[in-house]
Amino acid sequence: MNQPVDVLIIGAGASGAAVAWSLAETKMHILCLEQGDWMTPSSYPSAGRDWEQRQLGEFHYSPNRRARETDYPVNDNASPIKIANFNGVGGGTVLYAGHFPRFHPSDFRVRSLDGVAEDWPIDYATLAPFYDENDRMMGVSGLAGDPAYPAHEPMMPPLPLGRSGAILAGGLNKLGWHWWPSDSAIASTDYEGRARCINLAHCTSGCAQGAKASTDITYWPAAIRAGVELRPRCRVREITLNEHGMASGAIYYDADGKEQFQPAEVVIVACNAVGTARLLLNSGANGIANSSGLVGRNLMFHPYARIAGYFDVETDGNRGPGNCIWSQEFYETDRARGFVRGYTFEFSRGQNQVMAAVHGQQIGRLSWGAGHHRDYRRLFRHRTGMVAICEDLPEEHNTVTLDPVLKDGHGIPAPKIDYTLSDNSRRMLDHAVARATDILTAAGAHDVWHEAPLMDGGWHLMGTARMGTDPQRSVVNEWGRSHDVRNLFIVDGSIFVTSAGVNPTRTIQALALYVADSMKQRLATLFD
Ligand SMILES: Cc1cc2nc3c(=O)[nH]c(=O)nc-3n(C[C@H](O)[C@H](O)[C@H](O)COP(=O)(O)OP(=O)(O)OC[C@H]3O[C@@H](n4cnc5c(N)ncnc54)[C@H](O)[C@@H]3O)c2cc1C
Ligand code: SF4
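Owing to the predicted nature of the structure, the values given are computational and were not obtained by experimental measurement.

### Quick look at the pairing of strand E1 (residues 5–10)
Burial runs high along E1: five of the six residues are buried. Bridging between E1 and strand E8 (residues 259–269) involves five bridges; their strand directions are parallel. When the sheet's bridge partners are listed, isoleucine 10 is paired in E8 with valine 269. With four bridges joining them, E1 and strand E2 (residues 30–33) adopt parallel strand pairing.

### What to know about the site of ligand 2
Taken together, Ile186, Cys197, Ile198, Asn199, Leu200, Ala201, His202, Cys203, Cys207, Gln209 and Pro321 are the residues near ligand 2. Along the lines of polarity and charge, the residues of the shell around ligand 2 split into eight nonpolar, three polar and no charged.

### Topic: the packing of aromatic side chains
Considering all chains together, one arrives at 20 aromatic pairs under this definition. Judged by centre distance (5.4 Å) and plane angle (85°), the ring pair of tyrosine 304 and tryptophan 459 falls under edge-to-face. Of the two residues, tyrosine 304 is situated in strand E9 (residues 304–310) and tryptophan 459 in the loop between strand E15 (447–451) and strand E16 (488–490); the sequence distance between them amounts to 155 residues. Residue class for tryptophan 459 comes out partly exposed when judged on its relative accessible area of 27%. Seen from the ring of phenylalanine 59, arginine 68 lies directly overhead, with NZ or CZ sitting 4.7 Å from the centre. The aromatic ring of tyrosine 72 is capped on one face by arginine 278, whose charged end is 4.5 Å from the ring centroid.

### Some thoughts on helix H1 (residues 14–24)
With ten of eleven residues buried, H1 lies mostly within the body of the structure. Ala14, Ser15, Gly16, Ala17, Ala18, Val19, Ala20, Ser22, Leu23 and Ala24 are the residues of H1 that are buried.

### Thoughts on the environment of cysteine 203
On the secondary structure map, cysteine 203 appears in the loop between strand E4 (180–181) and helix H7 (219–225). On a C-alpha basis, the gap between cysteine 203 and leucine 95 in space is 7.0 Å, while along the polypeptide they are 108 residues apart. If sequence neighbours within four positions are ignored, cysteine 203 has contacts with Val94, Leu95, Tyr96, Ile186, Lys212, Pro321 and Gly322.

### Some thoughts on the site of ligand 1
Neighbouring ligand 1 are 36 residues; Ser15, Glu34, Gln35, His99 and Thr505 lie closest to it. One of the side-chain N or O atoms of serine 15 is found 2.6 Å from an oxygen atom in ligand 1. Between ligand 1 and the protein, one listed contact pairs an oxygen atom with a side-chain N or O atom of asparagine 87 at 3.2 Å. If ligand 1 stood free it would expose 990 Å²; the protein chains cover 96% of that surface. Elements with a minimum of two residues in the shell around ligand 1: H1, strand E6 (235–241) and helix H12 (505–521). Tallied by class, residues from the shell around ligand 1 come to 16 nonpolar, 17 polar and three charged.

### Some points on the packing of H1 against H12
When two helices pack together, their arrangement is given by the angle between the helix axes and the distance between those axes. Taken N-terminus to C-terminus, the directions of H1 and H12 make an angle of 30°; their axes are 8 Å apart at the nearest point. Here H12 runs roughly parallel to H1, going by the angle between their axes. Once H1 is placed against H12, the crossing between them reads as right-handed. Taken together, the residues of H12 that come into contact with H1 (itself represented by Ala14, Ser15, Ala18, Val19, Trp21, Ser22 and Leu23) are Thr505, Ile508, Gln509, Ala512, Leu513, Ala516, Met519 and Lys520.

### Structural notes on the sheet that holds strand E11 (residues 343–347)
Within a sheet, each strand pairs with its neighbour through backbone hydrogen bonds, oriented either parallel or antiparallel. Spatially, E4-E10-E11-E12-E9-E15 is the arrangement adopted by the six strands of the open sheet, whose pairing is antiparallel. Every interior strand has two partners, whereas the edge strands, E4 and E15, have only one. Across two bridges, E4 lies against strand E10 (residues 325–327) in antiparallel orientation. Looking at E10, one finds that tryptophan 180 is bridged to tryptophan 326. Set on the sheet, helix H6 (residues 162–175) makes contact with E10, E11 and strand E12 (383–390); between it and E10 the angle comes to about 25°.

### So, the packing of H6 against helix H11 (residues 423–443)
Relative orientation of the contacting elements H6 and H11 amounts to 105°, with a least axis distance of 7 Å. Compared by their axis directions, H6 and H11 come out roughly perpendicular. Between H6, through Ile167, Leu168, Gly171, Leu172, Lys174 and Leu175, and H11, the contact on the second element is made entirely by Asp438, Ile439, Leu440, Ala442 and Ala443. Across the contact of H6 with H11, the residue classes tally to eight nonpolar, one polar and two charged.

### Describing the state of the cysteines
If you walk through the whole model with that rule in mind, you get zero disulfides. Sulfur of cysteine 390: no disulfide; nearest cysteine sulfur belongs to cysteine 324 and is 19 Å away. Accessibility expressed as a relative area gives 0% for cysteine 390, which makes it buried.

### Brief notes about the side chain of histidine 202
Position of histidine 202 relative to the elements: it lies in the loop between E4 and H7. By relative accessible area, which is 12% here, histidine 202 ends up buried. Polar contacts involving the side chain of histidine 202 include one to the side chain of tryptophan 51, which spans 3.1 Å. If near-sequence neighbours (up to four positions away) are discounted, histidine 202 is found in contact with Ser46 and Trp51.

Definitions and limits used
- Residues numbered from 1 in each chain as written.
- Chains lettered and ligands numbered in written order.
- Predicted model: local features only at pLDDT ≥ 70, side-chain atom pairs only at ≥ 80, totals over all residues.
- Heavy atoms only, no water.
- Buried < 20%, exposed > 50% of the residue type's maximum accessible area, 1.4 Å probe, protein only.
- Helix = DSSP H or I, 4+ residues; strand = E, 2+ residues; numbered from the N terminus.
- Pairing = 2+ DSSP bridges.
- Near = heavy atom within 4 Å.
- Nonpolar A, V, L, I, M, F, W, Y, C, P; charged D, E, K, R; others polar.
- Phe/Tyr/Trp six-rings, centres within 6.5 Å; stacked < 30°, edge-to-face > 60°.
- Lys NZ or Arg CZ within 6 Å of the ring centre and 35° of its normal.
- Contact = heavy atoms within 4.5 Å.
- Polar contact = N/O pair within 3.5 Å; in protein donor to acceptor, adjacent residues only side chain to side chain.
- Areas by Shrake-Rupley, 256 points an atom, 1.4 Å probe, with all protein chains shown as cover.
- Axes fitted to C-alpha atoms, helices over the stretch in contact; angles between N-to-C directions.
- Parallel < 35°, antiparallel > 145°, perpendicular 65-115°, else oblique.
- Left-handed = near helix turned anticlockwise from the far one by under 90°.
- Disulfide = S-S within 2.5 Å.

Have a look at this one:
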């Protein structure tokens, strides 16, 4: 049998890495089990010319299309938005784009402000010091003074606007609408041993340069130096409980496929809002930590709209990371718009060579035959645009459950997603497409295309084990501890109460650091 550990963390992604690093200073014996591998940046697609092809294969953001041994399949047939993730040391941060906004203070109070969903049991001020701590560890580039936010200081200058950013900002200026250089988890200068971004635009298939802050190169080296043990290729099947209803450890399959038991005094789950719900539901006879019946419920994505314009002038094409500017003109509720809450526009640059052709053909703007080259020249380096990230409200019928048939390579039931786009989200998407068209037209686009909701855009996973003070209305308490199993904690996006209208990872990690800090404050009683 494995030696017992003080703290067992399951999942080595954005939140698992942060909680491991923070707890390391306690000198407890901390072990993390991760189903995926360590990454080798030199083998990322961005190190070779065939990178766009590999991005659509072994580095695809859909686990079903990537289908590595280390992935688990997801049945998302009953959802208009499909799951995107990455399973390995670093988790989703290996593939993420590094857009790194914070929540607004209002995001924690949507019930009080708008009469929908629930308020969080904590507020922006509670998280502010942990946002700052996480920013230092990940390294954030941006420009202080964004009027949409409480004051905070990015440690590096913003990424360049580039041609596309300047064109789009011009459109926003004509309309008098808010924009600001984006906060990004991408180093614009050399930072803490990481080289600065060299603007090659391969970010979402892994950054071989090390400029993008994935946790395998930020938190994990520091956590391991501080004594944390990380065991890759270990897939946890279930969390076990003892006769007192406390977590006693986990059963997992090791790198050789052998079943193992890992005893632990405290268990922390960090498998993301799909993986965590799956693991809790697959533990015990009928699931654990679920007296509320809410494990797996209230799944939130951010419904995305993608809107692009085609310009006569040259845009960035394949240059630069996607991130340049954002607009939060339509972030806060204005009921005259026909929906509650709001969205962020995140502006991107252009498309790469192959995608410009593949996508151009898909949307009917690239012909075969005599006009092919003429059409391609109009597409490549002549397109730019944005996504709208719409706040999704929690609804109990949007669920992660265990699929009765589909299983992963170890025979563990796969997660099944049932999700319906709400009327509020539909109206918000329509609004975003109309306003984005205004921006692109003002910026000089002669042709506008959109997709809403973005089918492949299920990369923000939230809400399936939400936090709260009422054990009947939430799964964990206000510092991440299970109401039912007192030595079981959850730190990933599943504990979100609402989704806000921004990318979630900065908040996921700030929450993980906050939960770790709360645990450290209560060390004496943690093992009761
Ligand atoms: C293409 C793409 C682009 C994105 N862009 C952005 C962006 O620009 N900005 C942003 O904020 N967010 C972005 N995201 C989302 C971001 O990656 C996630 O919000 C973040 O990684 C979630 O952190 P987490 O700790 O909850 O889970 P993850 O980072 O997903 O980590 C979970 C880990 O748990 C492991 N695990 C799961 N189940 C088990 C098990 N049973 N046993 C052992 N290990 C297990 C997984 O292998 C994984 O490594 C993007 C994601 C993708 C895929
Ligand atoms: S554009 Fe910058 S962050 Fe993106 S992959 Fe290239 S070096 Fe890394």
